[in-house]
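# Notes for the structure review
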Amino acid sequence: MLRCVAAALVCLAVLGPVPSARAQAEEDRYADAPPRLSESDVEEARSLFVAGSAAIEAGRWADAVDSFRRSYEVSGVPAALYNMAMALRALGRHREARDAFVILIDEHGPDLPVEMMRNGLVLRREEAERVATLVLEGLAAEPRHGITFDGSDVQDGGERPLAIETDAGTHSLVVRLDGHRAFLWDGALGDGERLALAVTLAPEVAPRRGVLRRPAFWIVTGVVLLAGAAVGLWLWDRSQQLDPQSDDHRVVMRP
Amino acid sequence: MTRALVALVVVALAPSAGCARNAILEVEVELPPSPEERYALFQIRHELDFALSWGGEPRPGHRLEASGTNLARISVESEDESLDLHVKVRYCEDAGCGAPADDESTGAPASWFVVEQPFYVGHRTFWRERIEAVPPRLEPGERPDVVVIDRCRIEGCTGGTPSTFCRLDGTHRCEPSGG
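Attention here is on the structure that accompanies the text. (Residues numbered from 1 in each chain as written. Chains lettered and ligands numbered in written order. Predicted model: local features only at pLDDT ≥ 70, side-chain atom pairs only at ≥ 80, totals over all residues. Heavy atoms only, no water.)

## Considerations on the sheet that holds strand β7 (residues 194-198) of chain A
Residue and element names in this part refer to chain A. The mixed open sheet is built from three strands, whose spatial order is β4-β1-β7. Because the sheet does not close on itself, it has two edges, and the strands there are β4 (162-166) and β7. Each strand axis lies, on average, 20° off the axis of its neighbour in the sheet, ignoring direction. Sheet topology note: the strand β1 (residues 132-137)/β4 ladder contains five bridges and is antiparallel. Bridging across to β4, leucine 134 finds its partner in isoleucine 164. (Pairing = 2+ DSSP bridges. Helix = DSSP H or I, 4+ residues; strand = E, 2+ residues; numbered from the N terminus. Axes fitted to C-alpha atoms, helices over the stretch in contact; angles between N-to-C directions.)

This is how it looks when you write it as structure tokens:
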């Protein structure tokens, strides 16, 4: 039963809208689908595969990628992976397409139909050549840096220089290191471009605390004000007292 | 630190009622002339026995003119309204009354006054006195008469030259009115 379902899935792949996916039409290859598949898994994978094909027909490449990916995740059928890689390629997501072709060849190579294998090898090379790379130079090996590329965190594994693979387009980069000001970069990369970027992290200068933020200032000011107030009150109080008219002969009676 | 600041404020504010706490009595005594060289030494105490020697004074006596009068002006300050002033005016050959003849026990001439309650806090009052002549030397054992200056003779707190500075109810015009 499973073999029949798998065969149907293969037929869908062969008849699917992606021309290069027609090479998948070798029934025997799909007879080796993971034996753990249940009927429902096969049915789900088939439905997803059909949906992916329909998305391609409608020019909805991103939907196609999602459907083929889920179909592959459920079934492990290389045709779904192949179609997903082709859809990624059409979207210009060359890094992901390359990775998909790498998996296709490395994990399914011996079982792939000849034509699919041949196409896969060519496309893997082509996609690899179109992957853009941003090379971060000047990073110290330790400590590890906090790197955000296009809003996503990049794991700093310690390799130097640190290479970040991406696709052509505009990108943004933030590199952070404790005690340093963040390094910011915005720029564009072309297909297959490899751009070396010198990352300079300036030590963070502790902001000078304004005099108004210094406790000593307020203490001194408070003391001065209080002393001034005390002197002022004392002088005012003195001014309220009667002064003798005779300066040369003055007697003070002590109780 | 906080306690010190609070203490400073308290010390500064505590005595500062903002009102006068003292009273001034301006003493103006018209001294008599003396053909001989004489000095009038003022000794002012409160509630001290006239018969006792009151000790020296830091200030020398007023030189009496050979003819005519001169005026001795003394400002006396106190914060106690209840005091009676005892005033000795000693007529001495020496400016500091240090001559043997100036010894009170030898009958050196002197005038004694008791000024009744001349102080009113916050007010300036005046005691004006005229001494017509230097009194004669006293016989051994004799004492000068004590002249009592009634409190109603103490000028202040009213204009003009009234005959008395007390109200009809007997209170001084520098005292708060009872009514």
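## A closer look at the state of the cysteines
Residue and element names in this part refer to chain B. Per the stated rule, a full pass over the model turns up three disulfides over all chains. Across the disulfide from cysteine 152 sits cysteine 166; the S-S distance is 2.0 Å. Judged by the torsion about the S-S bond (-95°), the cysteine 152/cysteine 166 disulfide is left-handed. Here the residue cysteine 152 occupies a position in the segment after β8 (146-149), and cysteine 166 occupies one in the segment after β8, the gap between them amounting to 14 residues. Comparing cysteine 152 with cysteine 166, the two get one shared label, buried. Between the sulfur atoms of cysteine 157 and its disulfide partner cysteine 174 the distance amounts to 1.9 Å. (Disulfide = S-S within 2.5 Å. Buried < 20%, exposed > 50% of the residue type's maximum accessible area, 1.4 Å probe, protein only.)

## Quick look at the pairing of strand β2 (residues 146-149) of chain A
Residues and elements named next belong to chain A. With four bridges joining them, β2 and strand β5 (residues 169-176) adopt antiparallel strand pairing. Bridge assignment links phenylalanine 149 to a residue of β5, and that residue is leucine 173. Two strands pair when backbone bridges link them, and β2 and strand β3 (residues 152-154) are joined in this way by three bridges, in the antiparallel orientation. Counterpart to threonine 148 in the pairing with β3 is aspartate 153.

## Quick word on the interface of chain B and chain A
Tallying the contact residues gives 37 residues for chain B and 23 residues for chain A. Taking both partners together, chain B and chain A bury about 2,400 Å²; carbon and sulfur atoms supply 60% of that area. Our count for the chain B to chain A interface comes out at two salt bridges. In this structure, glutamate 77 of chain B engages arginine 250 of chain A in a salt bridge whose closest nitrogen and oxygen atoms are separated by 2.6 Å. Joining chain B to chain A, the criterion identifies 15 residue pairs in polar contact (both at pLDDT 80 or more). Ranked by residue count, the leading element in the side of chain B that touches chain A is strand β4 (residues 70-78) of chain B, at six residues. Residue classes in the side of chain B that touches chain A are distributed as 20 nonpolar, nine polar and eight charged. Of the strand pairs in this sheet, strand β8 (residues 250-252) of chain A and β4 of chain B are connected by three bridges, and their pairing is parallel. Each residue of the ladder has a partner; that of valine 252 of chain A, found in β4 of chain B, is glutamate 77 of chain B. (Contact = heavy atoms within 4.5 Å. Buried area = accessible area lost by both parts, 1.4 Å probe. Salt bridge = Lys/Arg side-chain N within 4 Å of Asp/Glu carboxyl O. Polar contact = N/O pair within 3.5 Å; in protein donor to acceptor, adjacent residues only side chain to side chain. Nonpolar A, V, L, I, M, F, W, Y, C, P; charged D, E, K, R; others polar.)

## Let's talk about the environment of isoleucine 44 of chain B
When you line up the elements, isoleucine 44 of chain B lands in strand β2 (residues 39-46). The class of isoleucine 44 of chain B is buried, set by a relative accessible area of 6%. When the C-alpha atoms of isoleucine 44 of chain B and lysine 88 of chain B are compared, they prove to be 6.4 Å apart, with 44 residues separating the residues in sequence. Not counting the four nearest positions on each side in its chain, isoleucine 44 of chain B is found in contact with Val251 and Met253 of chain A together with Ile74, Val76, Leu85, His86 and Val87 of chain B.

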